[in-house]
Amino acid sequence: MLGPPGAGKGTQAQLLAEWLRIPHVASGDPFRENLRNETALGLQAKQYTDTGELVPDAVTIAMVAERLSRRDCGNGVLLDGFPRTIRQAEALDEMLAERGRAINLVPYIRVRDETLLERLAGRWTCRECEAAYHGVFKPPQRGGICDECGGEIYQRPDDTPETQKHRIEVYFEQTSPLIAYYRNRSLLAEIDGEQTIEVVQQDLRAAIEAVRQSREKGQTV
Ligand code: ADP
Ligand code: ADP
Ligand code: ZN
């Protein structure tokens, strides 16, 4: 899933992964998990996540490689928030090639800049399962409690106006070149992220179905 911070990647990825029955691997989650557990990786990443800078490629790539080597990834994964640099994209290509796998599709969720800030400013996150909520657009059914798991919802410390703005700048500098990278490989599916959560999800599923059908056709010809 490609798109700027606040585009709705996490929200959509959670729904899509359930539908596809594959794990949702969000690169921000292990950083927060390691920080909670006060591991060396967590402390190392904190200085970057706190300010909205990217964690260095080597650290991030090693973390994702470890995650992808676990058994539950055998039938595929939905990656959310990784890759975020060209170097990470190249490393991902290598990791997949080693396993005889490849990327099937890169959904790119396109949203206007004004919308990003509006979404990030109202974002609340479940402490337990990382589900995203929004004060206006997706309030939890019971105040302060996650609909999915009953966990407590909170505002991420890196969701301050300053870091939000900075994360968006970092995205345009370091991550947006991936749009051309994947478009050139005919893997990109552009999705209009300004629509409601449900309609964005329908468009994503349609894009995945289209890839499946063209592959099936390709196999019979
Ligand atoms: P958002 O949902 O706002 O896009 P994430 O939860 O994906 O944010 O990421 C939070 C922070 O974790 C980032 O600001 C960055 O510091 C770090 N991070 C997450 N993914 C990566 C990555 N692929 N490369 C480098 N840093 C990352
Ligand atoms: P990302 O993972 O791309 O940073 P999130 O999935 O965390 O984005 O969504 C950012 C915020 O916007 C959350 O508060 C979420 O509830 C809200 N949101 C996500 N998709 C939509 C949508 N289509 N319309 C309105 N709000 C949305
Ligand atoms: Zn939860």
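Residues numbered from 1 in each chain as written. Chains lettered and ligands numbered in written order. Predicted model: local features only at pLDDT ≥ 70, side-chain atom pairs only at ≥ 80, totals over all residues. Heavy atoms only, no water.

To continue, consider the sheet that holds strand β4 (residues 123-126). The strand order β5-β4-β6 describes an open sheet built from 3 strands, whose pairing is antiparallel. In this open sheet, the two edge strands, each paired with only one partner strand, are β5 (132-134) and β6 (153-154). Across 3 bridges, β4 lies against β5 in antiparallel orientation. Paired with T125 across the two strands is A132, which belongs to β5. (Pairing = 2+ DSSP bridges. Helix = DSSP H or I, 4+ residues; strand = E, 2+ residues; numbered from the N terminus.)

With that settled, consider the site of ligand 2. Taken together, 17 residues form the shell around ligand 2, and within it G6, K9, T11, R123 and Y133 come nearest. Surface burial for ligand 2 is 92%, taken as the share of its 560 Å² of free accessible area covered by protein chains. Among the secondary structure elements, those contributing two or more residues to the shell around ligand 2 are α1 (9-20) and β5. (Near = heavy atom within 4 Å. Areas by Shrake-Rupley, 256 points an atom, 1.4 Å probe, with all protein chains shown as cover.)

Turning our eyes to something else, we now look at helix α4 (residues 57-68). In this model α4 runs 16 Å from its N-terminal to its C-terminal C-alpha over 12 residues, within 8% of the 16 Å that 1.5 Å per residue would give. Turning to α4, its buried residues number three or more, namely D57, V59, T60, I61, M63, V64, R67 and L68. Contact partners of the buried residues in α4: β1 (24-26), α2 (28-36), α3 (40-51), β2 (78-80) and α5 (86-98). (Expected span 1.5 Å × (residues − 1). Buried < 20%, exposed > 50% of the residue type's maximum accessible area, 1.4 Å probe, protein only. Contact = heavy atoms within 4.5 Å.)

Close to ligand 1 lie 20 residues; S27, E53, G81, Q88 and R167 are nearest. At 2.9 Å, a backbone N or O of G81 approaches a nitrogen atom of ligand 1. Within the side chain of R156, a nitrogen or oxygen atom sits 3.3 Å from an oxygen atom of ligand 1. The fraction of the free accessible surface of ligand 1 (560 Å²) that becomes covered by protein chains is 94%. Elements with a minimum of two residues in the shell around ligand 1: α2 and α3. Top element by residues in the shell around ligand 1 is α2. It accounts for 3 residues. Looking at the shell around ligand 1 residue by residue, the classes come out as 6 nonpolar, 6 polar and 8 charged. (Polar contact = N/O pair within 3.5 Å; in protein donor to acceptor, adjacent residues only side chain to side chain. Nonpolar A, V, L, I, M, F, W, Y, C, P; charged D, E, K, R; others polar.)

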